[in-house]
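Here is how the chains run, residue by residue.
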Amino acid sequence: MGCVCAKHRVKYEDPAILAAQTCFKETEVQALHELFRKLSTSLDDDTYISKEEFQFGLFRNRNEQSLLANRMFQLFDSNSDGFIEFGEFVRSLSIFHPDAPRSEKVAFAFQLYDIWKIGYIEPEEVKEMIKAFLHESNLLLSDEMIDAIVDKTFKDVDSNGDGKIDLEEWNEFVARNPTLIKNMTIPYLKDITTTFPSFVLRFDTEDDFTTSSFKTIGLKHD
């Protein structure tokens, strides 16, 4: 026969090992497997989460393209095979745990905005995020206004003036604006039971990096 689909090679990782590697207890890992099972079978009856299932299950959005949803999926899919396996799901969710180290949350958020995966954030990446935010919020701004937002953002964040935002500068910026990683914590991940139903990953516009860019020049979407 031809190529065997990746879903047939997926193995259920030992909850005890995953618990040792994350902020979850073993019983919580087992509860998360139930959530994972619901998500992975929401569109197709298999043992991994596809991009469509991820976007629909966690963002309640299956058809519309979302830059944020795509980046989240790419970060959860740590081995870049196009699917989220159970171990990847648990390890990624652990970053959103209230007890996860701040450094992990800061690094994850940094990677979220490093859409070109080059190790730093360039003006064009911020511009892409702003355009995506505007599109998904049904807002319009001129190219000149968007450029002004990007310029002001980099003036505030790019402390060494090299035209890009590195992880150290990002860390300093988050330290001054801690609400930037507020959405990196999901409170009820701290107390998961077997009846844990579901959740939606929400990045409220009042707290994300893109909206902070609007605020730096006095713009705010209500």
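Calculation notes
Residues numbered from 1 in each chain as written. Predicted model: local features only at pLDDT ≥ 70, side-chain atom pairs only at ≥ 80, totals over all residues. Heavy atoms only, no water. UniProt positions renumbered as here; feature names shortened; annotations may be inferred. Helix = DSSP H or I, 4+ residues; strand = E, 2+ residues; numbered from the N terminus. Buried < 20%, exposed > 50% of the residue type's maximum accessible area, 1.4 Å probe, protein only. Areas by Shrake-Rupley, 256 points an atom, 1.4 Å probe, with all protein chains shown as cover. Axes fitted to C-alpha atoms, helices over the stretch in contact; angles between N-to-C directions. Parallel < 35°, antiparallel > 145°, perpendicular 65-115°, else oblique. Left-handed = near helix turned anticlockwise from the far one by under 90°. Contact = heavy atoms within 4.5 Å. Nonpolar A, V, L, I, M, F, W, Y, C, P; charged D, E, K, R; others polar. Core = buried A, V, L, I, M, F, W, Y, C linked by side-chain atoms within 4.5 Å. Phe/Tyr/Trp six-rings, centres within 6.5 Å; stacked < 30°, edge-to-face > 60°.

In the annotation of an unreviewed UniProt entry, the entry for the chain reads Calcineurin B-like protein, and the organism field reads Hibiscus sabdariffa. As recorded by UniProt, the Subcellular location (unreviewed entry) comment attached to the chain reads in full: "Membrane". Under the UniProt heading Subunit (unreviewed entry), the note attached to the chain is "Homodimer. Interacts with CIPK."

1. A few points about the overall build of the chain
The number of helices and strands found in the chain is 10 helices and 0 strands. Out of the 222 residues in the chain, the part that is buried amounts to 44%. About 11,700 Å² of surface is accessible on the chain, with carbon and sulfur atoms providing 51% of the total.

2. Comments concerning the packing of helix α6 (residues 102-113) against helix α9 (residues 167-176)
Put simply, α6 and α9 touch, their axes get as near as 10 Å, and they point 115° apart. In terms of their interaxial angle, α6 and α9 are classed as roughly perpendicular. Viewed along their axes, α6 and α9 form a crossing whose handedness is right-handed. From α6, Arg-102, Val-106, Ala-107, Ala-109, Phe-110 and Tyr-113 reach across to α9, where they touch Leu-167, Trp-170, Asn-171, Val-174 and Ala-175. Partitioned by chemical class, the residues of the contact of α6 with α9 number 9 nonpolar, 1 polar and 1 charged.

3. Quick look at the nonpolar core
The biggest cluster of nonpolar side chains holds 51 residues, and the ones touching the most others in it are Phe-76, Phe-89, Phe-96 and Trp-170. When residues of this core are traced back to their parent elements, those giving at least two are α1 (15-21), α2 (26-40), α4 (67-76), α5 (86-94), α6, α7 (123-136), α8 (143-157) and α9.

4. Let's talk about the side chain of Ser-94
If you trace the backbone, Ser-94 turns up in helix α5. Assessed through its relative accessible area of 5%, Ser-94 is described here as buried. In this structure Ser-94 touches Thr-22, Cys-23, Phe-24 and Ala-100, once residues within four positions along its chain are discounted.

5. Topic: the packing of aromatic side chains
Throughout the structure, instances matching the rule amount to 12 aromatic pairs. Relative to Phe-96, the ring of Phe-76 has its centre 6.4 Å away and its plane inclined at 35°; by these criteria the two rings are tilted. Here Phe-76, found in helix α4, pairs with Phe-96, found in the loop between α5 and α6; they are 20 residues apart in sequence, far enough to count as distant. Take Phe-76: its relative accessible area is 0%, and that puts it in the buried class. Assessed through its relative accessible area of 0%, Phe-96 is described here as buried. Plain terms: the ring middles of Tyr-113 and Trp-170 are 5.7 Å apart, the flat faces sit at 50° to each other, and that makes the pair tilted. Residue Tyr-113 is found in helix α6, and its partner Trp-170 is found in helix α9; the two are separated by 57 residues along the sequence. Accessibility assignment for this pair places Tyr-113 and Trp-170 in one class, buried.

6. Overview of α4
Most of α4 sits out of view: 8 of its 10 residues are buried. Residues of α4 that are buried include every one of Leu-68, Ala-69, Asn-70, Arg-71, Met-72, Phe-73, Leu-75 and Phe-76, and no others.

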